[in-house]
Amino acid sequence: MNLLKRLSTLLPGRRPAVAESPSTEHVTVLIVGAGSTGLALAQGLKKAGIPCIIVEKNPSIDAQNRDWNMGLHWGAESLQTLMPEAMWSRIQSIQVDPSTPTAEVDCLKFLNGATGEVMATVPARKFYRLRRRKLRHLLSEGLDIRWNHRITAIEYSGDGKYATAYFDGQTSVTASLVVGADGARSTVRELLLGPQNGRIRTVPYCATWVQARYTAEQARFLRTFHPLYIAGINPAGFFSFLGLHDASSPDPAAWTFFFYISWRSPLEEQEATKNWTNAQRLAQVKQFAQHFTDPWKSAFEWLPDDQKVWYMCLTDFDPGCDEHRWDNHDGRVTLAGDAAHAMTYQRGQGLNHSVTDAGKLATAIGEFVSGDKKRGDAIDEYEQEMIERAGGEVRMSTTNTEMMHNWEEVLESPIFRRGMTKVQDTAAAEAAATASSDKDAHDGKGG
């Protein structure tokens, strides 16, 4: 069995027969990863009465120190359909500021980071700003989650019916479907595609992030620019974002702000600076902030010398690439969320596509469990739609990141020209506009 497990890892397309251990547990759906995608999918399956188990490599939701917040807009409808009505009614409680109701129509302002001039206001309907950890806590309620389960291999039964996932400690779970929802650096994806093709791609852009509190006077000042979030593009080649992370207290001195500066960083530079200390990262980003006006200028100047920051290289994974097309073994394994389509974040699309995956995959699972469709057909259809939709967004988001760091191209970037709508919606709108323009030109000639 150990040999088979090693072969399935090294040769992801191979389908060895499974000699099950008597202790192997059986379930309809096994979800790998207790992030937002996996938990949302599990809630949808629970709502539909479909048995599932979630496995997570970490010991708890709170195991990681870092937390962040995410924008939810056009994907809110999918998330709402997955959650029980009583759970959705609590969505306001997990926002960065629970006391500020979500507006029917809002906008994200983009400033010239050097002058403060408003460059654009991008509209968004029902723009929720959700704290990730609070969202996960909410979505985890009532679910069967197995912590400290790190997946090591997947094997497929010779009769074409099941997949068995193995974990550290030799435990295993057999399921009709295994869903890899284990994030941008997905182990399931690497098991399916191999370590080379399954690896995430690093792009030549980096960011340094900060979460910080200020005096009450300073916090009120920073919030005068926008009560929740604001973005800036700097002619020097920087992109920046500043927003609230936690304003659950009425005391401004207890508010936590969440902000970053990103810049173009060749892979050689990333390699040369990979061992920099926190002090070096902080000094670097404070130097970048000198190119900015407020609120970024003051937000960085006011940080103490021992302020903790975190640095990250931007990455993506495009499921539309030929070498990234995995074998779903007749619908016995698939990917969702960042595991399927990691994307850069300057266009604010990641959570929306991830919860949409969860909604569409829950529907597909319901179709094969009910017998309305064959499992392989249902999962093929899910993947085809997901790859077209989210793969297109991966490419558009990376293009957007490149253009947002190039002052000569920023006004033509996807976020400025198309806002935060889905790739397919913007493409349809542009096609309709082109058709209308062609018709007007034809009618004009006819007159």
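None of the values given here were measured: they were computed from a predicted structure.

Undergrad: Explanation requested: the overall build of the protein chain in the structure shown.
TA: On a plain count of helices and strands, the protein chain comes out with 15 helices and 16 strands. The proportion of buried residues among the 447 residues of the protein chain is 53%. Summed over its atoms, the accessible surface of the protein chain is roughly 19,500 Å², and 50% of this surface lies on carbon and sulfur atoms.

Undergrad: Got a minute to help me understand the sheet that holds strand β11 (residues 201-212) in this structure?
TA: Hydrogen bonds between backbone atoms are what pair the strands of a sheet, whose relative direction is either parallel or antiparallel. Ordered by their spatial adjacency, seven strands build an open sheet running β5-β4-β12-β13-β14-β11-β15, and the pairing between neighbours is mixed. The open sheet is flanked by β5 (118-125) and β15 (309-316), the only strands paired with a single partner. Here the average twist between neighbouring strands, direction ignored, is 25°. Looking at chain direction, strand β4 (residues 105-112) and strand β12 (residues 229-234) are connected through three bridges and run parallel. Considered in β12, the bridge of Phe110 is made with Ala231. Strands β11, β13 (238-246), β14 (256-264) and β15 of the sheet are contacted by helix α9 (residues 278-289), whose axis makes an angle of about 80° with β14.

Undergrad: It is not clear to me how the nonpolar core should be interpreted in this structure. Could you clarify?
TA: It is characteristic of soluble globular proteins that their nonpolar side chains tend to be buried jointly. Counting 72 residues, the largest nonpolar core has Leu30, Ile31, Leu41, Leu45, Leu79, Ile154 and Ile365 as the members making the most contacts within it. For this core, the element with the most residues is helix α12 (residues 350-370), which contributes eight residues. Once residues within four sequence positions are removed from consideration, Leu30 is found in contact with Ile53, Val55, Ala165, Phe167, Val173, Ala175, Leu177, Val178 and Val179. With 53 residues, the next largest nonpolar core counts Leu108, Leu222, Trp296 and Ile415 among its residues.

Undergrad: How should I be thinking about the pattern of salt bridges in this particular structure?
TA: Pairs may arise between side chains of opposite charge once their charged atoms sit close together. Counted under the stated rule, the structure contains 20 salt bridges. Between Asp316 and Arg201 there is a salt bridge, with the nearest N and O atoms lying 2.7 Å from each other. Of this pair, Asp316 sits in strand β15 while Arg201 sits in strand β11; the two residues are 115 residues apart in sequence, bridging distant segments of the chain. Residue Asp316 is classed as buried on the basis of its relative accessible area, which comes to 5%. Relative accessible area serves as the criterion here: at 45%, Arg201 is assigned to the partly exposed category. One connected set of salt bridges, linked through shared partners, spans Glu25, Asp144 and Arg146.

Undergrad: Would you take a moment to explain the packing of helix α2 (residues 36-48) against α12 for this structure?
TA: Two measures define how a pair of helices packs: the angle their axes make with one another and the distance between the axes. In the contact formed by α2 and α12, the axes pass within 9 Å of each other and the chain directions differ by 30°. Read as a crossing pair, α2 and α12 show a hand that is right-handed. Across the interface between the two elements, Ser36, Thr37, Ala40, Leu41 and Leu45 from α2 touch Leu351, Ser354, Ala358, Leu361, Ala362 and Ile365 from α12.

Undergrad: Quick question: what am I supposed to make of the pairing of β4 here?
TA: Each regular strand displays side chains that alternate between the two surfaces of the sheet. With seven bridges joining them, β4 and β5 adopt antiparallel strand pairing. Bridge assignment links Leu108 to a residue of β5, and that residue is Val122.

Undergrad: Sorry, what's going on with unusual backbone geometry here?
TA: Leave glycine aside and you will find that most residues have negative phi; peptide bonds, for their part, are mostly trans. For the bond running from Asp294 to Pro295, omega is 15°, close enough to zero to count as cis. Along the chain, the position of Pro295 falls in the loop between α9 and α10 (296-301). Positive phi, close to 50°, is recorded for Lys126, a residue that is not glycine. One non-glycine residue with positive phi stands out, namely His329, at about 50°. Mapping His329 onto the fold places it in the loop between β15 and β16 (333-335). By relative accessible area, which is 0% here, His329 ends up buried.

Undergrad: How should I be thinking about α12 in this particular structure?
TA: Helical geometry note: an α-helix holds 3.6 residues per turn, so side chains three or four residues apart project in the same direction. Here α12 is 21 residues long and its end C-alpha atoms lie 30 Å apart, about the 30 Å a rise of 1.5 Å per residue gives. Among the residues trailing α12, Gly371 stands out with phi positive, at a value near 90°.

Undergrad: Just checking my understanding: could you explain α2 for this structure?
TA: Compared with an ideal rise of 1.5 Å per residue, which puts 13 residues at 18 Å, α2 spans 18 Å between its outermost C-alpha atoms and is within 8% of the ideal. Burial analysis of α2 places ten of its 13 residues in the buried class, which makes it a mostly covered element. For α2, the full list of buried residues reads Ser36, Thr37, Gly38, Leu39, Ala40, Leu41, Ala42, Gln43, Gly44 and Leu45. Taken from the residues just after α2, Gly49 is the one with a positive phi, measuring 75°.

Undergrad: Even after reading the chapter, I still don't get the packing of aromatic side chains, so can you show me in this structure?
TA: The description of two aromatic rings rests on the distance between their centres and on the angle between their planes. Per the stated rule, a full pass over the model turns up 21 aromatic pairs. The interplanar angle of 35° and the centroid separation of 4.9 Å between the aromatic rings of Trp209 and Phe258 together place this pair among those described as tilted. Residue Trp209 is located in strand β11, and its partner Phe258 is located in strand β14; the two are separated by 49 residues in the primary sequence. Of the two residues, Trp209 and Phe258, both sit in the buried class. Here the aromatic rings of Tyr214 and Phe257 are separated by 5.8 Å at their centres, their planes lie at 70°, and the arrangement is edge-to-face. Here the residue Tyr214 occupies a position in the loop between β11 and α7 (216-223), and Phe257 occupies one in strand β14, the gap between them amounting to 43 residues.

Undergrad: Just to check I follow, could you spell out the environment of Tyr162 for this structure?
TA: Its location among the elements puts Tyr162 in the loop between β8 (151-156) and β9 (163-167). The class of Tyr162 is partly exposed, set by a relative accessible area of 31%. Sequence-wise, Tyr162 and Ser176 are 14 residues apart; in three dimensions their C-alpha atoms are separated by 4.8 Å. The residues contacting Tyr162, other than those within four sequence positions of it, are Glu155, Tyr156, Ser157, Thr174, Ala175, Ser176 and Arg332.

Undergrad: How do you make sense of the environment of Thr121 when you look at a structure like this?
TA: Among the secondary structure elements, Thr121 is positioned in strand β5. The class of Thr121 is partly exposed, set by a relative accessible area of 43%. Each C-alpha atom of the pair Thr121 and Cys107 lies 5.9 Å from the other, and the pair is 14 residues apart in sequence. Excluding anything up to four places from it in sequence, Thr121 contacts Cys107, Leu108 and Lys109.

Rules and cut-offs
- Residues numbered from 1 in each chain as written.
- Predicted model: local features only at pLDDT ≥ 70, side-chain atom pairs only at ≥ 80, totals over all residues.
- Heavy atoms only, no water.
- Helix = DSSP H or I, 4+ residues; strand = E, 2+ residues; numbered from the N terminus.
- Buried < 20%, exposed > 50% of the residue type's maximum accessible area, 1.4 Å probe, protein only.
- Areas by Shrake-Rupley, 256 points an atom, 1.4 Å probe, with all protein chains shown as cover.
- Pairing = 2+ DSSP bridges.
- Axes fitted to C-alpha atoms, helices over the stretch in contact; angles between N-to-C directions.
- Contact = heavy atoms within 4.5 Å.
- Core = buried A, V, L, I, M, F, W, Y, C linked by side-chain atoms within 4.5 Å.
- Salt bridge = Lys/Arg side-chain N within 4 Å of Asp/Glu carboxyl O.
- Left-handed = near helix turned anticlockwise from the far one by under 90°.
- Expected span 1.5 Å × (residues − 1).
- Phe/Tyr/Trp six-rings, centres within 6.5 Å; stacked < 30°, edge-to-face > 60°.

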